[in-house]
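Chains, contacts and geometry: an overview
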Amino acid sequence: SGLSQEAGSVEQLSLHCAEGSLEWLYPTGALRLRLAPRLPPTSAAVKGGSPPHVTACIKPTGTFRGAQLYLEREGVLELLLPEVPRPRARCFSWLPQEKVALFLQATPHPDISRRIAAFRYELRGDWLARPALPAASLSAEGACRPCNDTEILMAICTSDFVIRGSIRSVSNDAELQESIIGVSATRIHRQKFPLFQAGGRLGRPVGSIRTPLRCGVKPGPGTFLFTGWLHFGEAWLSCAPRYRDFQRIYAGAQRTRQNPCEFPVD
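These lines cover the structure that appears in this document, whether it is placed above or below. All values reported here derive from a predicted model rather than from experimental measurement.

1. Details of the overall build of the protein chain
- Each helix and strand in the protein chain was counted, giving 3 helices and 15 strands.
- Residue burial in the protein chain is summarised as follows: out of 266 residues, 40% are buried.
- Sequence separation of 24 or more characterises 66% of the internal contacts of the protein chain that already satisfy a separation of 6 or more.
- Approximately 14300 Å² of the protein chain is accessible, and the part contributed by carbon and sulfur atoms is 51%.

Here it is, written out as structure tokens:
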């Protein structure tokens with residue numbers, strides 16, 4: 001609470017958890033939030049490859065008021081969230097040796113009551129960044145590119161959800177620049193959280209998966225294998241091959257003993 005801070009003071013905090021939320025009541029002065037996620041040692045990176053980045057995403061609440069959020073990188077400030085931000089996530093990456101923090105600065109108001117600056121955050125290593133995050137938040141490059149065979153095989157082994165099913169509907173959210181794919185599941189191979197639950201026709205589980213609007217997803221017939229990751233409690237699409245194409249890819253990997261994990265195919 002800003003009521004416990006002295007006017008003009010800067011309070012220092014550290015964010016160690018992989019994900020969480022912050023709520024600042026009656027903002028006054030500033031908060032400096034050091035980003036220090038507990039990640040595996042850099043030796044876990046592929047030998048000879050580039051150093052692993054760390055990625056963070058910030059998503060403001062719909063009632064974010066009374067402050068502005070800046071990214072502080074090597075002493076330089078970049079505005080991430082204005083005082084009345086749009087309710088979409090902002091993501092950024094950095095190298096482990098870089099000095100990075102969030103600077104949450106109260107905006108002057110004669111009456112600070114009824115103002116709460118609150119947001120959710122996620123911190124993760126670069127090995128999860130590409131499939132887990134809405135690509136529009138990071139980089140336009142490769143955001144809508146179909147997965148290659150290797151990426152598909154890795155996706156079925158490592159994703160938060162693997163769902164076989166069909167597309168029921170596609171709706172677009174122009175404000176958030178997101179497409180929401182309604183999916184009817186014929187088989188749930190894996191889901192870490194109950195994203196898909198019974199309620200569709202014939203008692204089939206149904207759920208929704210998000211992807212950037214500019215990818216131009218269209219409803220179409222056929223059975224797909226949907227894979228992806230959770231991002232602020234929502235399912236985001238990683239790879240979604242047609243199921244018959246996945247069967248061909250997986251059978252070929254089995255013959256050459258290059259399948260990274262066992263997967264039930266029928």
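2. With respect to the state of the cysteines
- Under the counting rule described, the total for this entry stands at 3 disulfides.
- Through a disulfide, Cys147 is tied to Cys239; the S-S separation comes to 2.0 Å. An S-S torsion of about -90° defines the bridge between Cys147 and Cys239 as left-handed. You can see Cys147 sitting in the loop between α1 (126–132) and α2 (149–158) and its partner Cys239 sitting in the loop between β15 (234–237) and α3 (243–255), a full 92 residues away along the chain.

3. Structural notes on the packing of aromatic side chains
- Overall, the coordinates contain 6 aromatic pairs when judged by the stated rule.
- Ring geometry for Phe246 versus Phe263: centroids 5.3 Å apart, planes at 85°, classification edge-to-face. Pair noted here: Phe246 is in helix α3 and Phe263 is in the segment after α3, with a separation of 17 residues, a long-range link.
- A relative accessible area of 8% means that Phe263 is categorised as buried.
- Members of the aromatic cluster, joined through ring pairs, are Tyr243, Phe246, Tyr250 and Phe263.

4. Side note on the sheet that holds strand β8 (residues 100–106)
- In spatial order, the strands read β1-β3-β8-β5-β6; together these 5 strands make up an open sheet with mixed pairing. Each edge of the open sheet is held by one strand with a lone partner, namely β1 (10–15) and β6 (76–81). Averaged over all adjacent pairs, the angle separating strand axes in this sheet is 25°, with direction ignored.

5. Brief notes about the packing of α2 against α3
- The geometry of α2 relative to α3 is characterised by a closest axis approach of 10 Å and an angle of 90° between their N-to-C directions. With respect to α3, the element α2 is oriented roughly perpendicular. Contact with α2, carried on its side by Asp149, Ile152, Leu153 and Ile156, involves Phe246, Ile249, Tyr250 and Ala253 of α3 and no other residues of that element.
- Class assignment for the residues of the contact of α2 with α3 results in 7 nonpolar, no polar and 1 charged.

6. Section: the pattern of salt bridges
- In the structure shown here, the tally under the stated rule is 7 salt bridges.
- In this structure, Glu72 and Arg32 form a salt bridge, with 2.9 Å as the shortest nitrogen-oxygen distance. Of this pair, Glu72 sits in strand β5 (residues 67–73) while Arg32 is found in strand β3 (residues 30–35), placing the two residues 40 residues apart along the sequence.
- Residue Arg32 is classed as partly exposed on the basis of its relative accessible area, which comes to 23%.
- In this structure, Arg210 engages Glu234 in a salt bridge whose closest nitrogen and oxygen atoms are separated by 3.5 Å. With Arg210 in strand β13 (residues 205–212) and Glu234 in strand β15, the pair connects residues that are 24 residues apart, well separated along the chain.
- Using a relative accessible area of 18% as the deciding quantity, one classes Arg210 as buried.

7. Examining the nonpolar core
- Phe92, Leu102, Leu104 and Phe119 are the most contacted members of the largest nonpolar core, which has 25 residues in total.
- Those elements giving two or more residues to this core turn out to be β2 (19–25), β3, β4 (54–60), β5, β6, β7 (90–94), β8 and β9 (116–125).
- When near neighbours in sequence (up to four residues on either side) are disregarded, Phe119 contacts Gly20, Ser21, Leu22, Leu33, Ile58, Lys59, Pro60, Thr61, Phe64, Leu69, Leu102 and Leu104.
- One finds Cys147, Ile156, Ala253 and Phe263 within the second-largest nonpolar core, a separate group that totals 14 residues.

8. Focus: the pairing of β3
- Looking at chain direction, β1 and β3 are connected through 6 bridges and run parallel. Following the sheet pairing, Glu11 is matched in β3 by Leu31.
- Where β3 meets β8, 5 bridges bridge the pair, whose relative direction is antiparallel. When the bridges of β8 are listed, Ala30 appears paired with Gln105.

9. Considering the pairing of β13
- Taken together, the 7 bridges between strand β11 (residues 178–191) and β13 define a ladder with antiparallel strand orientation. Across the sheet, residue Ser184 finds its bridge partner in β13, namely Val206.
- With 2 bridges connecting them, strand β12 (residues 197–198) and β13 associate as antiparallel partners. Looking across to β13, one finds that Gln197 is bridged to Val206.

Conventions adopted
- Residues numbered from 1 in each chain as written.
- Predicted model: local features only at pLDDT ≥ 70, side-chain atom pairs only at ≥ 80, totals over all residues.
- Heavy atoms only, no water.
- Helix = DSSP H or I, 4+ residues; strand = E, 2+ residues; numbered from the N terminus.
- Buried < 20%, exposed > 50% of the residue type's maximum accessible area, 1.4 Å probe, protein only.
- Contact = heavy atoms within 4.5 Å.
- Areas by Shrake-Rupley, 256 points an atom, 1.4 Å probe, with all protein chains shown as cover.
- Disulfide = S-S within 2.5 Å.
- Phe/Tyr/Trp six-rings, centres within 6.5 Å; stacked < 30°, edge-to-face > 60°.
- Pairing = 2+ DSSP bridges.
- Axes fitted to C-alpha atoms, helices over the stretch in contact; angles between N-to-C directions.
- Parallel < 35°, antiparallel > 145°, perpendicular 65-115°, else oblique.
- Nonpolar A, V, L, I, M, F, W, Y, C, P; charged D, E, K, R; others polar.
- Salt bridge = Lys/Arg side-chain N within 4 Å of Asp/Glu carboxyl O.
- Core = buried A, V, L, I, M, F, W, Y, C linked by side-chain atoms within 4.5 Å.

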